[in-house]
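# Topology and contacts: notes
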Amino acid sequence: MARAYSADTARIKRMQPSYSHILSLEQFLTQLDQFDLVIDVRSPAEFALDHIPGAVNYPVLNNEERIQIGTLYKQESPFAAKKLGAALVSRNIATHLENYFLDFPREWRPLIYCWRGGERSGAFTHILNRIGWKAMQLEGGYQGFRRTVIDGLEESAQQFSFQVICGMTGSGKTKVLQEIGALGAQILDLEGLAVHRGSVLGNEPNIDQPSQKGFETVLWNALRKLDSSKPVFVESESKKVGGLHVPDALMEKIRSGACIELRSSTQTRVSWLMREYHHFLTDTHYFKQKLALLTAHYGKVQIAKWNEAIDAGHFSELVEELLVKHYDPSYSSSIVRNFPSYDREKYVELENDSDMAFAKSAKAIMEKLKS
């Protein structure tokens with residue numbers, strides 16, 4: 001009897017994959033880009049809040065099912081929850097297999113994770129491995145990944161050095177930053193990552209900002225692709241970009257960087273802002289809603305005057321007044337306070353808002369910061 005048992009055990013072991021299906025967090029950092037697909041099996045709501053960059057969502061429990069299982073777990077018993085959960089998970093995995101995975105070759109290699117690297121991702125990984133794919137399960141799941149992001153941002157604050165492009169609102173800092181990137185230098189576009197232009201009027205139309213966790217993830221992902229031995233160009237920003245907070249350690253390091261100012265005439269800034277914020281000229285109701293946020297600072301009378309300018313179509317005059325009255329004083333008071341390396345004598349002049357002028361200013365900034 002013992003001999004038969006041993007034979008059965010040996011046969012079962014031979015049927016198991018000959019490699020570990022658990023990917024440690026240490027391996028994750030070096031192997032993330034080597035997988036054919038990263039699969040997040042959490043619910044769509046969990047996925048929307050934050051996820052590993054490039055991951056796709058194939059939930060084994062949808063939002064309603066996850067709530068249902070959680071309620072059953074608390075109100076009846078863990079065993080009852082596991083029974084129903086297993087049925088739902090099995091059904092959903094089968095659906096994903098039939099709808100999305102049948103055409104993948106044997107060599108296909110996915111990485112799978114859930115909230116803590118437990119039962120949901122374990123079930124999915126097991127089934128894919130039994131089919132014959134070499135699926136890996138992320139140790140610690142999303143929570144382990146989240147710790148990696150936090151630690152990585154702290155490390156980046158220590159490792160990287162930054163070259164800061166300063167300049168008043170409308171001076172074209174973002175455009176110049178993009179031109180610098182096109183010239184082959186390393187850039188970190190905080191506003192692009194935050195999906196916001198960094199002022200009360202700065203949110204992108206019809207596009208929501210990511211969650212705070214999501215912002216930190218894309219920030220971590222951007223930094224991990226850069227070379228810490230070379231400088232990174234970045235715009236001068238406040239601690240908050242829209243509703244999102246730049247991590248304190250990283251913000252401190254950015255603010256300690258060498259600064260150069262991009263200067264533009266008021267006429268050029270007005271022209272550039274009219275192009276960049278054209279959606280306000282076509283959706284005047286939305287423009288008025290945003291200006292209403294300044295009521296506590298300027299009072300109802302001033303807001304009413306600005307609304308009258310909108311109704312009259314006097315956009316150039318209004319933009320210039322907003323620059324002179326609101327944005328420029330705020331910039332002047334904050335730049336010296338927050339960027340100790342700021343020097344008024346270190347600047348580049350933007351001739352106008354043409355593509356050629358932006359390219360010329362980008363080259364000039366790179367040359368000045370080399371000296």
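Here's what I pulled together on the structure shown here. Predicted model, so just to flag it, every value in this text is computed and none were measured.

### Examining unusual backbone geometry
At Val195, a position not held by glycine, the phi torsion is positive, near 55 degrees. Tracing the sequence through the fold places Val195 in the loop between α9 (190-194) and α10 (212-224).

### Describing the pairing of strand β6 (residues 162-166)
Strand residues, when the strand is regular, have side chains that alternate between the two faces of the sheet. Taking burial as the measure, the five residues of β6 include five buried ones, the bulk of the element. The pairing of β6 with strand β8 (residues 232-235) spans four bridges and is classified as parallel. Residue pairing for β8: Val164 is matched across the bridge by Val234. Alignment of β6 against strand β11 (residues 258-263), held across four bridges, turns out to be parallel. The partner of Val164 across the bridge, within β11, is Cys259.

### Some details on the pattern of salt bridges
Scanning the entire structure with this criterion turns up 15 salt bridges. The partner of Arg120 in a salt bridge is Glu46, and the shortest N-O contact between them spans 3.1 Å. Placement of the pair is Arg120 in helix α6 (residues 119-131) and Glu46 in helix α3 (residues 44-49), with a sequence separation of 74 residues. Using a relative accessible area of 15% as the deciding quantity, one classes Arg120 as buried. Across the pair Asp353 and Arg275 runs a salt bridge, and its minimum N-O distance is 3.3 Å. Placement of the pair is Asp353 in the loop between β12 (347-349) and α17 (355-370) and Arg275 in helix α12 (residues 266-276), with a sequence separation of 78 residues. Judged by its relative accessible area of 46%, Arg275 falls in the partly exposed class.

### Examining the side chain of Thr125
Mapped onto the elements, Thr125 comes out in helix α6. Side-chain polar atoms of Thr125 contact the backbone oxygen of Ser121, separated by 2.7 Å. Discounting residues that sit within four places of it in the chain, Thr125 has contacts with His21, Ile112, Ala135, Met136 and Gln137.

### Topic: the layout of surface pockets
The probe, sized like a water molecule, is rolled over the atoms to show the empty space still left. Looking at the largest pocket, its volume works out to about 980 Å³. Around the largest pocket sit 40 residues that line it, and Thr169, Glu191, Arg197, Gly198 and Ser199 are the ones nearest its centre. Contributions of two or more residues to the lining of the largest pocket are made by α8 (173-182), α9, β9 (240-241), α12 and α16 (315-338). When residues in the lining of the largest pocket are grouped by element, the largest group, eight residues, is from α16. Estimated volume of the second largest pocket: approximately 800 Å³. Taken together, 23 residues line the second largest pocket, and the ones lying closest to its centre are Leu61, Ile69, Arg116, Glu119 and Arg120. Of the residues forming the lining of the second largest pocket, the biggest block, seven residues, is contributed by helix α5 (residues 78-101). Broken down by class, the residue content of the lining of the second largest pocket amounts to eleven nonpolar, five polar and seven charged.

### A word on α6
Its 13 residues place the ends of α6 18 Å apart at the C-alpha level, agreeing with the 18 Å of an ideal helix rising 1.5 Å per residue. All of the buried residues in α6 are Arg120, Ser121, Phe124, Thr125, Leu128 and Asn129. Buried residues of α6, viewed axially, fall in a sector of 150 degrees; they line one side. Those residues of α6 hidden inside the fold are in contact with α3, α4 (63-75), α5, β4 (110-113) and β5 (136-138). Immediately beyond the C-terminal end of α6, within one or two residues, lies Gly132, with a positive phi of roughly 135 degrees.

### Regarding the environment of Asn63
Assignment of secondary structure puts Asn63 in helix α4. Since its relative accessible area comes to 26%, Asn63 is described here as partly exposed. Taking the C-alpha atoms as reference points, Asn63 and Glu46, separated by 17 residues in sequence, lie 8.5 Å from one another. Not counting residues up to four positions away in its chain, the partners in contact with Asn63 are Ser43, Pro44 and Ala45. Within the structure, the side chain of Asn63 is placed 3.5 Å from the side chain of Ser43, a separation counted as a polar contact.

### Some remarks on the sheet that holds β5
Pairing is parallel across the open sheet formed by five strands, whose spatial order is β1-β5-β4-β2-β3. Every other strand in the sheet has two partners, leaving β1 (22-23) and β3 (56-57) as the edge strands with one partner each. In this structure, strand β2 (residues 37-40) lies alongside β3, joined through two bridges in parallel fashion. Along β3, the bridge assignment pairs Ile39 with Val56. Most of the contacts of α6 go to β4, to which it runs at about 155 degrees, and overall it touches β4 and β5.

Procedures and definitions
Starting from 1, residues in each chain are numbered consecutively following that chain's sequence as written. Whole-chain, interface and lining totals are the exception, using all residues; otherwise, since this is a predicted model, local features are given only for residues with pLDDT of at least 70 and side-chain atom pairs are given and counted only at 80 or more. The basis for every side-chain value is the complete set of non-hydrogen atoms in the structure, without hydrogens or water. Numbered from the N terminus, helices here are DSSP runs of H or I no shorter than four residues, and strands are runs of E no shorter than two. Using a 1.4 Å probe on the protein chains alone, a residue whose accessible area is under 20% of its type maximum counts as buried, one over 50% counts as exposed, and one in between counts as partly exposed. Two strands pair if DSSP finds at least two bridges between them. Any carboxyl oxygen of Asp or Glu within 4 Å of a side-chain nitrogen of Lys or Arg constitutes a salt bridge here. By the criterion applied in these results, polar contacts are pairs of N or O atoms within 3.5 Å in which, for protein atoms, one can donate a hydrogen and the other can accept it, and in which residues neighboring in sequence qualify only through two side-chain atoms. Only heavy atoms enter the contact rule, under which two residues are in contact if any of them lie within 4.5 Å. Every definition here rests on a 1 Å grid over the protein atoms only: cavities are sets of points where a 1.4 Å probe fits but cannot get out, pockets are open sets enclosed by protein on both sides within 12 Å along at least five of seven lines, and lining residues have some atom within 4 Å of a point. Grid points are joined across faces, edges and corners, and a volume is the space filled by probe spheres set on the points. All residues other than Ala, Val, Leu, Ile, Met, Phe, Trp, Tyr, Cys, Pro, Asp, Glu, Lys and Arg, Gly among them, are scored as polar; the first ten of these are nonpolar and the last four charged. What a helix is expected to span follows from its residue count: subtract one and scale by 1.5 Å. Comment: arc refers to directions from the helix axis out to C-beta atoms. Helix axes are fitted to C-alpha atoms over the stretch in contact, other axes to C-alpha atoms as well, and angles between N-to-C directions run from 0 to 180 degrees.

The values reported here are purely geometric and, on their own, carry no functional implication.
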